[in-house]
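Take a look at the letters that make up each chain.
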Amino acid sequence: MLHPNASGEAKQRSAVDNATVRSVFVIGPDKKIKATLTYPMSTGRNFDEVLRLLDSIQLTAKHKVVTPANWKEGGDVVIAPSVSNDDAKQKYPDGWKSPKPYLRIVPQPR
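Below you will find a few notes about this structure.

Conventions adopted
- Residues numbered from 1 in each chain as written.
- Predicted model: local features only at pLDDT ≥ 70, side-chain atom pairs only at ≥ 80, totals over all residues.
- Heavy atoms only, no water.
- Salt bridge = Lys/Arg side-chain N within 4 Å of Asp/Glu carboxyl O.
- Buried < 20%, exposed > 50% of the residue type's maximum accessible area, 1.4 Å probe, protein only.
- Helix = DSSP H or I, 4+ residues; strand = E, 2+ residues; numbered from the N terminus.
- Expected span 1.5 Å × (residues − 1).
- Contact = heavy atoms within 4.5 Å.
- Polar contact = N/O pair within 3.5 Å; in protein donor to acceptor, adjacent residues only side chain to side chain.
- Phe/Tyr/Trp six-rings, centres within 6.5 Å; stacked < 30°, edge-to-face > 60°.
- Lys NZ or Arg CZ within 6 Å of the ring centre and 35° of its normal.
- Pairing = 2+ DSSP bridges.
- Core = buried A, V, L, I, M, F, W, Y, C linked by side-chain atoms within 4.5 Å.

Right, let's get into the pattern of salt bridges. Throughout the structure, instances matching the rule amount to 3 salt bridges. Lys34 serves as the salt-bridge partner of Asp30, at 2.8 Å between the closest nitrogen and oxygen. For Lys34, a relative accessible area of 41% corresponds to the partly exposed category. The partner of Glu49 in a salt bridge is Arg52, with the nearest N and O atoms 2.8 Å apart. Here Glu49 pairs with Arg52, and both are found in helix α2 (residues 47–62), just 3 residues apart, close to one helical turn.

On to α2. Between its first and last C-alpha, α2 extends 23 Å over 16 residues, near the 22 Å set by a 1.5 Å rise per residue. Taken together, the buried positions of α2 are occupied by Val50, Leu53, Ser56 and Leu59. On its buried face, α2 sits against β1 (21–27), β2 (33–40), β3 (65–66) and β4 (77–79). Its side-chain oxygen placed 3.0 Å from the backbone nitrogen of Asp48, Asn46 serves as the N-cap of α2.

The next subject is the packing of aromatic side chains. The full count for this structure, using the stated rule, is 0 aromatic pairs. Sitting above the plane of the Trp96 ring, Arg104 keeps its charged end 5.9 Å from the centroid.

Here the focus is the sheet that holds β4. What links the strands of a sheet is backbone hydrogen bonding, and the strands pair in either a parallel or an antiparallel sense. The strand order β3-β4-β6-β5 describes an open sheet built from 4 strands, whose pairing is antiparallel. The open sheet has two free edges, formed respectively by β3 and β5 (97–100), since each of these has just one partner strand. Sheet analysis places β3 next to β4, joined by 2 bridges and oriented antiparallel. Considered in β4, the bridge of Val66 is made with Val78.

Grouped together as the largest cluster of nonpolar side chains are 10 residues: Leu59, Val65, Trp71, Val77, Ile79, Ala80, Val83, Ala88, Tyr92 and Val106. Discounting chain neighbours no more than four positions away, the residues touching Val106 are Asp76, Val77, Ile79, Tyr92, Gly95 and Trp96.

In structure tokens, the structure reads:
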């Protein structure tokens, strides 16, 4: 992606003049954008974060959970707020940790 202020013919611009913006778009099977990551030209993309993002998107699409900041594969997840306590009890009969009434933490589903 080029900066919106880039002008002139492409042949006459250098990489610095172009001030490219490096973007990653994650598009789901439903053809909808699930996530975007944008980095300045001077910063490399973090592929570990891209893979973590993909793992999270796949997990949360399959199970009604959300992943916390800095979540890694196999780490604890949070039961989605849209899941009632009654439904959560059926899916997680061993219960969950609840440091706050709105926060229900469980091991990552397999």
